[in-house]
Amino acid sequence: MNWKEFEIDDKSFKWGQTFNDIFDSFGHKNLNTGTSSWILHKVKSNGFLGLEGISCEFYGPSIDKPISSISFELKPLKIGLFQKPYSPFMKQLESRLGKPDGIHKNPLPKGKKYNEGYSSSSVIYAPHWWFGDFRIGLSVFGGIRNEDLGETAALLYIGWYNEIEMAKPYIDDYYKSELELSKSLTLIEDFKLEYSQMKNFRRHYELPDDSIADKDDEIRAAQLALYYNNLFRTPTHLSDEMKPNQISLMFSDTTQKHILANKFDFTTFDNESKIEFRKILPARGGGGTEISVGDITLRDKPNSQPLTNLKKKLEKLDLQVNSVEYYND
């Protein structure tokens, strides 16, 4: 089977398509962003790979970026007298995909039975197959779940794990913007935090090395181009001189915008940007202090004086900062 392009319910789909690309075929009524910045789009479906389903759900970072995975809620199958709950699903999938590359088993606790009590909340069997950059997985539940579109006993999903390829339509513009924004910077003030700041990258626990983007700068650039609107890698000539706990507030003469940078990443902002200062009070957790500017969030110890000073500096520059306070639950 060609995993780069295939049919879902007799409708063509190919990797690289965005949500905007698929709306004509699959509609857009059930588009749901929820509390996440990522996009979910669920539609009715007859299933996939010969298994009957109730829904198909597309998943991706934003409306105008490529869909990165698709999942199918599968209808329950009749379980034979001596069969395991996953056996009917595996028989069909192995006939199409061959033997899986790996299986994770999570049997129900002793005394618990399939489809009794809260057993359906568990995933008891999870095989996966790799076909180049594409991973197909199955999650068989410990019972039947009642979802909005009907009963489901398993989830079948396929994901694309080549972010360099995924980012090709966007990466040239990303590099161009990153270079342009790195020119003609004027330092306003440095701030030294108690905590070292972390590099922004997305982990993929399905890969042999889940943090490969931390080590491969090309992959990390692709991730920033795909998953953020305004986050770039701090230029090497600045990064080499910065400490991990250092924050630099600068002004870009090129764009006439302010820039906030740590050793790894920077973002641009102006009077229209959302800026939030958060005082996190200790409760279950120890608390802390944060300030978010667009796509970057800086974190420090509770009652951080450096972040408080940064907040005051931004306000002196006539930038609006929204302050919030809540407990670290």
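Description of the structure in this document. (Residues numbered from 1 in each chain as written. Predicted model: local features only at pLDDT ≥ 70, side-chain atom pairs only at ≥ 80, totals over all residues. Heavy atoms only, no water.)

## Quick word on the overall build of the chain
A tally of regular secondary structure across the chain gives eight helices and 20 strands. When the backbone C-alpha atoms are referred to their principal axes, the chain occupies close to 70 × 45 × 35 Å. Across the 329 residues of the chain, 44% fall into the buried class. Residue pairs in contact within the chain that sit at least 24 positions apart in sequence constitute 57% of those at least 6 positions apart. Element-wise, carbon and sulfur atoms account for 46% of the exposed surface of the chain, whose accessible area totals about 18,000 Å². For the chain, the separation between the mean place of its 42 positive charges and that of its 47 negative charges on side chains is 6 Å. (Helix = DSSP H or I, 4+ residues; strand = E, 2+ residues; numbered from the N terminus. Buried < 20%, exposed > 50% of the residue type's maximum accessible area, 1.4 Å probe, protein only. Contact = heavy atoms within 4.5 Å. Areas by Shrake-Rupley, 256 points an atom, 1.4 Å probe, with all protein chains shown as cover. Lys, Arg positive; Asp, Glu negative; His and termini not counted. Charge placed at Lys NZ, Arg CZ, Asp CG, Glu CD.)

## Description of the nonpolar core
By size, the foremost hydrophobic cluster in this structure holds 44 residues, and its most contacted members are F58 and I70. For this core, the leading source of residues is strand β11 (residues 150-160), giving five residues. For I70, the residues in contact, after removing those within four places along its chain, are F6, I8, F13, W15, C56, E57, F58, L156, Y157 and I158. With 29 residues, the next largest nonpolar core counts I171, L231, I247 and A261 among its residues. (Core = buried A, V, L, I, M, F, W, Y, C linked by side-chain atoms within 4.5 Å.)

## Thoughts on the sheet that holds strand β19 (residues 296-300)
With respect to topology, four strands assemble into an open sheet ordered β19-β18-β17-β20, the strand pairing being mixed. Two strands bound the open sheet, and with one partner strand each, they are β19 and β20 (322-327). Taking each pair of neighbouring strands and ignoring which way they run, the sheet shows an average axis angle of 20 degrees. As defined by bridge partners, strand β17 (residues 275-281) adjoins β20 across six bridges and the pair is classed as parallel. The partner of I280 across the bridge, within β20, is Y326. Packing against the sheet, helix α8 (residues 305-316) makes contact with β17, β18 (288-293), β19 and β20, and its axis sits at approximately 35 degrees to β18. (Pairing = 2+ DSSP bridges. Axes fitted to C-alpha atoms, helices over the stretch in contact; angles between N-to-C directions.)

## Things to note about the packing of helix α4 (residues 168-181) against helix α6 (residues 217-227)
Viewed as axis vectors pointing N to C, α4 and α6 meet at an angle of 95 degrees, and their least axial separation amounts to 9 Å. By the angle class used here, α4 and α6 are roughly perpendicular. Residues Y170, I171, Y174 and Y175 of α4 form the contact with α6, whose own contacting residues are E218, A221, A222, L224, A225 and L226. Split into classes, the residues belonging to the contact of α4 with α6 amount to nine nonpolar, no polar and one charged. (Parallel < 35°, antiparallel > 145°, perpendicular 65-115°, else oblique. Nonpolar A, V, L, I, M, F, W, Y, C, P; charged D, E, K, R; others polar.)

## A few points about unusual backbone geometry
Despite not being glycine, S184 has its phi angle at roughly 50 degrees, a positive value. For S184, the position within the fold is in the loop between α4 and β12 (185-192). Exposure remark for S184: the relative accessible area of 44% places this residue in the partly exposed category. For D318, which is not glycine, the phi dihedral falls at a positive 65 degrees. With respect to the helices and strands, D318 occurs in the loop between α8 and β20.

## Examining the sheet that holds strand β13 (residues 232-233)
Pairing within the open sheet is antiparallel, and its five strands lie in the order β12-β14-β15-β16-β13. Two strands lie at the open edges of the sheet, namely β12 and β13, each paired on one side alone. Alignment of strand β14 (residues 246-252) against strand β15 (residues 257-261), held across five bridges, turns out to be antiparallel. Bridge pairing in β15 places S248 opposite A261.

## So, the packing of aromatic side chains
Using the criterion set out here, one finds 17 aromatic pairs in the structure. Between W3 and F6 the ring centres are 6.2 Å apart and the planes differ by 70 degrees, which places this aromatic pair in the edge-to-face class. In terms of burial, W3 and F6 fall into one category: buried. An angle of 5 degrees between the planes, with centres 3.6 Å apart, marks the rings of Y86 and Y125 as stacked. With a gap of 39 residues between them, Y86 in the loop between β7 (69-74) and α2 (87-97) and Y125 in strand β9 (residues 123-131) connect regions that are remote in the sequence. You'll find Y86 and Y125 in the same group, each marked buried. One aromatic cluster is present, formed by W3, F6, F13, W15, F26, F48, F58, F72, F131, F134 and W160 through successive ring pairs. When the ring centre of Y227 is taken as origin, the NZ or CZ atom of R202, which lies over that ring, is 5.5 Å away. (Phe/Tyr/Trp six-rings, centres within 6.5 Å; stacked < 30°, edge-to-face > 60°. Lys NZ or Arg CZ within 6 Å of the ring centre and 35° of its normal.)

## Some words on the pairing of β14
Of all seven residues making up β14, seven are buried, and the element is well covered by its neighbours. Residues of β14 alternate between two faces, with Q246, S248, M250 and S252 on one and I247, L249 and F251 on the opposite face, all of them buried. Where β12 meets β14, seven bridges bridge the pair, whose relative direction is antiparallel. Paired with E189 across the strands is L249, a residue of β14. Hairpin connection from β14 to β15: four residues lie between these consecutive antiparallel strands, with Q256 at a positive phi of about 60 degrees.

## Examining α4
Given 3.6 residues per turn, any residue in an α-helix points the same way as the ones three and four places further on. For α4, with 14 residues, the first-to-last C-alpha span of 21 Å sits near the 20 Å given by 1.5 Å per residue. Within α4 the residues assigned to the buried category are Y170, I171, Y174, E178 and L181. Summarising the axial view, the buried residues of α4 lie within an arc of 105 degrees, below the 170-degree limit, and thus occupy one face. For α4, exposure combined with an orientation more than 90 degrees from the buried face picks out P169, D172, D173, K176 and L179. (Expected span 1.5 Å × (residues − 1). Arc of directions from axis to C-beta.)

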